[in-house]
Amino acid sequence: MPNTSVCFKAIPNGPATDDTFEVKHDVAFTVETAEVQAQHVLVKLQWISLDPYMRGRMRSAEVKSYSAPFAIGQPMVGHALGEVVKSASDKYKVGDVVLGFFKWQQYAMVHEAAITRVLNAPGAPALTPETYLGLLGMPSFTAYVGLVAIGKPKEGETLFVSAAAGAVGQVVGQIGKRLGLRVVGSAGTDDKVDYLISKLGFDAAFNYNKHNILEKLTELCPNGIDIYFENVGGETLEAAITLANNHARFPVCGMISQYHGANYHVKNLMQIIQKRILIQGFLQSDWLPTHGNEFMEWMFAHALDGKFVYESTIAEGIESIPRAFIGMMEGKNTGKQLVKFF
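The structure displayed is predicted, hence computed values, not measured ones.

(A) Focus on the pattern of salt bridges. Counted under the stated rule, the structure contains 10 salt bridges. Between Lys-336 and Asp-51 there is a salt bridge whose closest N-O contact spans 2.6 Å. Here the residue Lys-336 occupies a position in strand E15 (residues 336-340), and Asp-51 occupies one in the loop between strand E3 (40-50) and strand E4 (77-87), the gap between them amounting to 285 residues. For the pair formed by Lys-336 and Asp-51, the shared burial category is buried.

(B) Molecular detail of the side chain of Thr-158. With respect to the helices, strands and loops of the structure, Thr-158 is situated in strand E8 (residues 158-161). Residue classification places Thr-158 among the buried positions, given a relative accessible area of 4%. Among residues more than four places away in sequence, those in contact with Thr-158 are Arg-182, Cys-221, Gly-224, Ile-225, Asp-226 and Ile-227.

(C) Main features of helix H8 (residues 284-302). Here H8 contains 19 residues, and its C-alpha end-to-end distance of 20 Å is more than 12% below the 27 Å for a straight helix at 1.5 Å per residue. Along its length, H8 shows its largest kink, about 75 degrees, at Thr-290. Residues Gln-284, Trp-287, His-291, Gly-292, Phe-295, Met-296, Trp-298 and Met-299 constitute the buried set of H8.

(D) The arrangement of the nonpolar core in detail. Grouped together as the largest cluster of nonpolar side chains are 38 residues, with contacts concentrated most on Leu-159, Val-172 and Leu-196. Those elements giving two or more residues to this core turn out to be helix H2 (138-150), E8, helix H3 (169-178), strand E9 (182-187), helix H4 (190-199), strand E11 (225-229) and H8. For this core, the element with the most residues is H2, which contributes 7 residues. Every residue in contact with Leu-196, bar those within four places of it in the chain, is listed here: Ala-164, Ala-165, Gly-185, Ser-186, Ala-187, Gly-201, Phe-202 and Ala-205. Membership of the second largest hydrophobic core comes to 35 residues, among which are Phe-21, Tyr-92, Ala-108 and Ala-324.

(E) Focus on the packing of aromatic side chains. Scanning all chains against the criterion turns up 11 aromatic pairs. Among the aromatic residues, those joined into a ring-pair cluster are Phe-141, Tyr-144, Phe-295 and Trp-298. It is Lys-44 that lies over the ring of Phe-342; its NZ or CZ is 4.8 Å from the centre.

(F) Here's a closer look at the state of the cysteines. The full count for this structure, using the stated rule, is 0 disulfides. Its sulfur unpaired, Cys-253 is 19 Å from the next cysteine sulfur, which belongs to Cys-221.

(G) Molecular detail of the environment of Asn-333. Residue placement: Asn-333 occurs in the loop between helix H9 (321-329) and E15. On the accessibility criterion, Asn-333 (8% relative accessible area) is buried. Here the alpha-carbon distance between Asn-333 and Ile-314, two residues 19 residues apart in the chain, equals 8.8 Å. Only 2.8 Å separates the side chain of Asn-333 from the backbone oxygen of Gly-335, close enough to count as a polar contact.

(H) Quick look at the pairing of E8. Of the two faces of E8, the one holding Thr-158 and Phe-160 and the one holding Leu-159 and Val-161 are both buried throughout. Note that E8 and E9 share 4 bridges and pair parallel. Within E9, the position partnered with Thr-158 by the bridge is Arg-182. Regarding topology, H3 serves as the crossover connection from E8 to the parallel E9, and that connection is right-handed. Inspection of the sheet shows E8 paired to E11 by 3 bridges, in the parallel sense.

(I) Just the side chain of Ser-140, in detail. Residue placement: Ser-140 occurs in helix H2. Judged by its relative accessible area of 0%, Ser-140 is buried. With sequence-adjacent residues up to four places away left out, Ser-140 is seen in contact with Gly-134, Leu-135, Val-171, Phe-295, Met-299 and Tyr-310.

(J) Main features of the packing of H2 against H8. At a closest axis distance of 9 Å, the pairing of H2 and H8 adopts a crossing angle of 95 degrees. When the interaxial angle is binned, H2 and H8 end up roughly perpendicular. Judged by residue contacts, Met-138, Ser-140, Phe-141, Thr-142, Tyr-144, Val-145, Val-148, Ala-149 and Ile-150 of H2 engage Gln-284, Trp-287, Leu-288, His-291, Gly-292, Glu-294, Phe-295, Trp-298 and Met-299 from H8. Looking at side-chain class alone, the contact of H2 with H8 contains 12 nonpolar, 5 polar and 1 charged residues.

What counts and how
Residues numbered from 1 in each chain as written. Predicted model: local features only at pLDDT ≥ 70, side-chain atom pairs only at ≥ 80, totals over all residues. Heavy atoms only, no water. Salt bridge = Lys/Arg side-chain N within 4 Å of Asp/Glu carboxyl O. Helix = DSSP H or I, 4+ residues; strand = E, 2+ residues; numbered from the N terminus. Buried < 20%, exposed > 50% of the residue type's maximum accessible area, 1.4 Å probe, protein only. Contact = heavy atoms within 4.5 Å. Expected span 1.5 Å × (residues − 1). Bend = angle between axes of the 7 residues up to and from the residue. Core = buried A, V, L, I, M, F, W, Y, C linked by side-chain atoms within 4.5 Å. Phe/Tyr/Trp six-rings, centres within 6.5 Å; stacked < 30°, edge-to-face > 60°. Lys NZ or Arg CZ within 6 Å of the ring centre and 35° of its normal. Disulfide = S-S within 2.5 Å. Polar contact = N/O pair within 3.5 Å; in protein donor to acceptor, adjacent residues only side chain to side chain. Pairing = 2+ DSSP bridges. Right-handed = clockwise from strand over helix to strand, strands pointing away. Axes fitted to C-alpha atoms, helices over the stretch in contact; angles between N-to-C directions. Parallel < 35°, antiparallel > 145°, perpendicular 65-115°, else oblique. Nonpolar A, V, L, I, M, F, W, Y, C, P; charged D, E, K, R; others polar.

Function-wise, these values are silent; they only describe arrangement.
What follows is the structure in structure tokens.
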């Protein structure tokens, strides 16, 4: 059986396209003959997570950032889940279902240090792959630490969430509601707006493609904005600054409008000083040592009761990765974008 990989082919000029990716087939590969070095395991991938931050890794090695660029011609990498089929590790055995940071291959050679959890270990909760990669995964931890640790919510405050129907935003809003906030969200389609209000319990939401952002936020946030969970940047950030209350907090998770080289000049930055707004960018990995256990405890106590909604958009097959990624960056997914291999 050939080993199929999805590799980084070319740095995109603007949005990622089909030409950004290359699907390769190693026809000589077999599990039986695969050589596993010490402290490594061979993992048969079952699920992978696609996330917007990956667009930032599709760049030249000369451009510095918080994460290394993808290597041209090599398999791309991300959070994934699969089963160990060969092992030369004292920590993991054949049959372990593991979660970690793996190459996008049907069969990935993985150093044991890249594995973060064994999902079928004795005593482990019986949860779905979608739950581990989504509700209990990196996007939800990002939502939790951004809102709770940086946003410092107080009951009765107004929270505005952009990209609110995405993997992170849908969790931010639901945590906010459970903490007693008024929650307002923006999304790119009427169906997503309906999802935010009818399924997630947002107090209000709007379609930014159909409305003037500042006018709609003024209508939906009559008492101003105390916390803005920033996923978008550009005009949305400008509107949030205009409506921010004194001492508002802006956890900055992403700026998807800027990922493709867009250059919107926010014109009201002086208000950051006048209103004493805290604007703090963050990486979830920085907070994991201090807030990881707290997050898991909170999620098990509050988010696994059947009332917490977490949507995923699932593409099937490793060769669907390029189109799934492109669609995610165009906002075609609702919630978490996953790829199921088989």
